[in-house]
Amino acid sequence: MIAPGKPSVVVYHATGCHLCERALEQVRGLHAELGFDLREVLIDGDAALEAAYREWIPVVEIDGRRRFTYHVQPEALRHAVAQATGAS
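All figures in this text were calculated on a predicted structure; none of them were measured in a lab.

Digging into the pairing of strand β3 (residues 59–62)
For step 1, the next point in the chain: Residues of β3 alternate between two faces, with V59 and E61 on one and V60 and I62 on the opposite face, all of them buried.
For step 2, the next point in the chain: Bridge count between strand β1 (residues 8–13) and β3: four bridges; the pairing is antiparallel. For V11, the partnering residue across the bridge sits in β3 and is V60.
For step 3, the next point in the chain: For β3 and strand β4 (residues 65–69), the ladder comprises four bridges, and the chain directions are antiparallel.

Shown next, in the form of structure tokens:
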């Protein structure tokens, strides 16, 4: 369940993807600080998710908008979350 007023951050990732592991580590590290809702979606074995995300993973979406692929920049994530909350 998504809390009202909190940005929703979704990380699409796959097993064995070193870029995904790094992105998850960074996003998880900022989760408590920034207070967003976090959902981690493993695309393994889901044909629709594989087709949509495999060539781009990791993919980070904020409130349904794709914001990062391959790499997450922590300062850019902070800024994007602030924009989503209207606090920029």
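Digging into the pattern of salt bridges
For step 1, the next point in the chain: Taken as a whole and judged by the stated rule, the model has six salt bridges.
For step 2, the next point in the chain: The salt bridge partner of E25 is R22, with a shortest N-O separation of 2.7 Å. Of this pair, E25 and R22 are both found in helix α1 (residues 18–34), three residues apart, which corresponds to roughly one turn of the helix.
For step 3, the next point in the chain: Residue R54 is joined to E50 by a salt bridge in which the shortest nitrogen-to-oxygen separation is 2.7 Å.
For step 4, the next point in the chain: The exposure class of E50 is partly exposed, given its relative accessible area of 23%.
For step 5, the next point in the chain: Linked through salt bridges whose partners overlap, the residues forming this network are E33, E75 and R78.

Conventions used here
- Residues numbered from 1 in each chain as written.
- Predicted model: local features only at pLDDT ≥ 70, side-chain atom pairs only at ≥ 80, totals over all residues.
- Heavy atoms only, no water.
- Buried < 20%, exposed > 50% of the residue type's maximum accessible area, 1.4 Å probe, protein only.
- Helix = DSSP H or I, 4+ residues; strand = E, 2+ residues; numbered from the N terminus.
- Pairing = 2+ DSSP bridges.
- Salt bridge = Lys/Arg side-chain N within 4 Å of Asp/Glu carboxyl O.

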